[in-house]
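So you can see what is in the structure, the chains are spelled out below.
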Amino acid sequence: MMQSSTMGIPKEVLKKERRFWVIGGCLTVGLAASILLAVCLGSVKIEVAAVYQIILHKIIGLPLDGISMAHADIIWQLRMPRILMAAVVGAGLAMCGTVMQASVQNPLAEPYILGIASGASLGAIFAIMLGGSKVLLGFGITVWAFAGAILATIAVMFLAGMGGQMSTMKMVLAGAVISALFGAAANFLIYIANNAEGMRSVAFWTMGSLAGAKWDTLLLPSIGVSIAAIFFLLRSRRLNVLLLGEEAAITLGINIVRERRIYMIITALLTGMIVASCGIFGFVGLVIPHAVRSIVGADHRRLMPGVLLVGAIFLIWADVLSRILLRSGDLPIGIITALIGAPFFMWLLFRRSFNFGGN
Amino acid sequence: MDLTLQNIEVTVEKKKIIKSISLSVGKGDFVGIIGPNGGGKSTLLKAVYRVLKPSNGTIMFGGENMQNISLHTSAKQMGVVGQFNTVNFDFTVMEMVLMGRMPHKKVFNADTQEDYKIALQALIQVGMQEAVNRQFVTLSGGEKQRIILARALAQQPQFLVLDEPTNHLDIKYQLQLLSIVKSLGIGALAALHDLNLAAMYCTKLYVLKNGCLIASGTPREVLTKERIRDIYEIDCDVNLDEQTGALSIVYHPLLPLHGMRCKDAG
C-alpha cells in the first residue's frame, strides 16, 4: 500500500515509470530487430549473411565480394525502402489515430474519421479513371490523392463549423456525411468510366500497398512523420487534457478550439500524405492506440512513444506477410491489417479489465 | 481573489439565458447561487469559468477585466468543479489529479516531486488517498466528484467555481466538500440546490430565476418562507436551529402524505 506519510512520488507511480522504460526499451530493440529480420524475408531467397553484407556495403562501404548485383538491388532498392516506409507509415497512422481519438474525445476515432480516406480515394480514382493509367495534368496519382484528402478535410471542417460552434459530435457526423458523398462520387466515376484496367488499379490502390516504396518516395513521409511526432510528443500533456472534454480543458487553461484545429490540420496533412503514397489501410490507426493504451495507460506521455514504436513494428510485419503469403505476388496490405486488426479489436473490447469506451 | 460581474448577459443559440446580472464575490467570501432548474445558474457559471462568452457586460477577476486575462493565466487562479465529469479513457486517479498542475507547467516541464506532493495533499484533503492507483472510470459518482475537487485543489487556485458540487455525494461528503471549500478561505462561487447547506456555508446568496436576479443578501435575508414560495412554488417552515445557529428549512409535501395534512391543500 502507498504510504501517505512519505509525501513524495508514490511507489506505484515510480514502479509504473520503471515498467514504462522497460517496455520502451524492449520495443525499441524490437523495432530494430524487426527491420533486420524483415529485410531477410521475401519471395527471393537470399542468404542472411549476404543480406547484411549488402547492407554494410551500402552504409559503410564494405566490399561486396561474390554477391550478385541483382541481390544487392533487391535488398537495397526494394526491400529496405519498403520496410522503412512500413515503419514510417505504421508509426504515422498509429500516431494520427491517437491524436484523433484525443481531439474528438471518442475512442472509436481513427485517422480517416474526417473523410480523409474517401477524399483521397476520390482524388486517386479521378486520376486513374480520367487520366488513364499514367497521369492527369502532369500530376501523379499521389498528388491527386493528397488533394482529395485535403479537400475532404476542408469540407468536413466547413460543414462542422456551420451554424455556430464546432463540436466534436458535429465533426464526426460531418466526416460520415462527406465520406458518403465522396464515396458516391467515386463510384459514379468508376461506373461511367467503365474501364476494367482502371478498376483493377483502383481496387489495388484502395486496399493499400507499400510496393511502390522507393528511397525518394520515402523522404517526404519520413520528414512529415518525424516532425509531427516531435510536435505531439511535446504536446502530450495537452493531449491528456483534451481527453477530459471541452469544459475541463478550458478550466485547465487550454484553448481547446485552437488546439484541436491545429491537431486536426496536422493529422489531416499527415494522413493525406500517407494515404497518397501507399493507399488506404484500415485498423492500424484504430487498434494500435487501444492496444498500447491497454498496456501503458491513457497518459500520452507514455502512450505516444509506445504507439509510434508499436505502429512501426506492426506494419513492418503486416508487410512481410503481404510479401510472402502469396507465391504469385503481393497481397494488398489492407487485407492483412484488417484480418489481424479486427479480431484483435474484438479481443480488446471483450476483455473485462480494460475499460474501453467508458460506460 | 475577488470576482465582480457587471450587467452580464449570456445568449445561447439566439436565446438570452442570462439577463443583465451583476454580482460580486469578495476575497474569502463563499457565495451561493440558488434558484429553480433552468433558471440559468449553470449558464452564468459557465460564463464565469470562460466556457461561454458573455454577449454583454464585464467580468472583473482580481481587479482585471477577464477578457484581458489569458486562459492559461486564469487557470492558475481559478479552479472549477463542474458537472462535466464523463471521461471515456482510462486515467488513474493520480493522473487525473496531476492534470490540475497543467496550468503551472511549461512544454518541457516534467512532473516534479513537488507536483506529486500537491496532488497527494489534495487527495488526502478529499479523503481519497487510498485510491491513487485506481482507474477514474471505475469510481462511483461521488468518488469522481471528490477527485474532480482534488484536481481543482491541485491547481492551487485563488478562487473556486462550483456547479452543484454536492451532486452524487452522500451527506457526509456533502458537508466535507463544502467545509473544505470554506476552509480554504479563498473566494468561491457555487450553484447549490440544497437550501439548508446553502444557508449553513454561504456568506451571501443570489437567487436566479428565468435568467434574472430576483434577490440577494445573507442567507437569513434571502431564505424566508415567502421568498422560497416565490422561487420554488412550494411551502416550507424556516426556523433558526438553536444548537447550530443555522437556518433549518422544512418543506411541506406538495400532496398530502398519509396521516398528515397540509394546511393549504385543505
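Residues numbered from 1 in each chain as written. Chains lettered and ligands numbered in written order. Predicted model: local features only at pLDDT ≥ 70, side-chain atom pairs only at ≥ 80, totals over all residues. Heavy atoms only, no water.

A. Spatial organisation of the pairing of strand 1 (residues 3-12) of chain B. Residues and elements named next belong to chain B. Taken together, the seven bridges between strand 1 and strand 2 (residues 15-25) define a ladder with antiparallel strand orientation. The residue of strand 2 that forms the bridge with I8 is I21. With five bridges joining them, strand 1 and strand 4 (residues 56-61) adopt antiparallel strand pairing. Its bridge partner being in strand 4, T4 is matched across the sheet by M60. (Pairing = 2+ DSSP bridges. Helix = DSSP H or I, 4+ residues; strand = E, 2+ residues; numbered from the N terminus.)

B. Summary view of the pairing of strand 8 (residues 187-191) of chain B. Residue and element names in this part refer to chain B. The buried count for strand 8 comes to five of five residues, which makes it a mostly enclosed element. Side-chain alternation along strand 8 places G187, L189 and A191 on one buried face and A188 and A190 on a second face that is also buried. Where strand 7 (residues 159-163) lies against strand 8, five bridges are found, and the strand directions are parallel. Looking across to strand 8, one finds that F159 is bridged to G187. (Buried < 20%, exposed > 50% of the residue type's maximum accessible area, 1.4 Å probe, protein only.)

C. The packing of helix 8 (residues 215-234) of chain A against helix 13 (residues 300-324) of chain A, seen in detail. Residue and element names in this part refer to chain A. Helix 13 packs onto helix 8 with a crossing angle of 155 degrees between their chain directions and a minimal axis gap of 9 Å. In terms of their interaxial angle, helix 8 and helix 13 are classed as roughly antiparallel. Helix 13 is crossed by helix 8, and the crossing has right-handed handedness. Along the contact surface, helix 8 presents A229, F232 and L233, while helix 13 presents M304, P305 and L308. Looking at the contact of helix 8 with helix 13 residue by residue, the classes come out as six nonpolar, no polar and no charged. (Axes fitted to C-alpha atoms, helices over the stretch in contact; angles between N-to-C directions. Parallel < 35°, antiparallel > 145°, perpendicular 65-115°, else oblique. Left-handed = near helix turned anticlockwise from the far one by under 90°. Contact = heavy atoms within 4.5 Å. Nonpolar A, V, L, I, M, F, W, Y, C, P; charged D, E, K, R; others polar.)

D. The arrangement of the interface of chain A and chain B in detail. Contacts between the two partners involve 40 residues from chain A, matched on the other side by 44 residues from chain B. Between chain A and chain B lies a buried interface of about 3800 Å² when both sides are counted; carbon and sulfur atoms form 64% of it. Where A:R237 meets B:D111, a salt bridge forms, and the shortest distance between an N and an O atom there is 2.9 Å. Our count for the contact surface shared by chain A and chain B stands at seven residue pairs in polar contact (both at pLDDT 80 or more). Of the residues that constitute the side of chain A that touches chain B, the class distribution is 18 nonpolar, 13 polar and nine charged. (Buried area = accessible area lost by both parts, 1.4 Å probe. Salt bridge = Lys/Arg side-chain N within 4 Å of Asp/Glu carboxyl O. Polar contact = N/O pair within 3.5 Å; in protein donor to acceptor, adjacent residues only side chain to side chain.)

E. Representation of the nonpolar core within the structure. One finds A:M95, B:L123, B:L189 and B:L223 to be the most contacted residues of the largest nonpolar core, which totals 177 residues. When sequence neighbours within four positions are dropped, the list of residues in contact with B:L223 reads B:I34, B:L195, B:A199, B:L205, B:I228, B:V238, B:L247 and B:I249. Core analysis: the next-biggest nonpolar cluster, separate from the first, contains 24 residues, A:L122, A:M157, A:A160 and A:L189 among them. (Core = buried A, V, L, I, M, F, W, Y, C linked by side-chain atoms within 4.5 Å.)

F. Spotlight on the sheet that holds strand 5 (residues 64-65) of chain B. All names here are of chain B. Ordered by their spatial adjacency, four strands build an open sheet running 2-1-4-5, and the pairing between neighbours is antiparallel. Edge positions in the sheet fall to strand 2 and strand 5, since each has one partner strand and no second. This element, helix 1 (residues 41-48), spans strand 1, strand 2 and strand 4 of the sheet and lies at about 115 degrees to strand 1.

G. Inspection of the state of the cysteines at higher detail. Residues and elements named next belong to chain A. Counting across every chain of the model gives zero disulfides over all chains. Of the cysteine sulfurs around C96, a residue in no disulfide, the closest is that of C278, at 12 Å. Looking at C96, the relative accessible area reads 1%, which means it is buried. (Disulfide = S-S within 2.5 Å.)

Without other data, these values stay purely geometric and don't point to any function.
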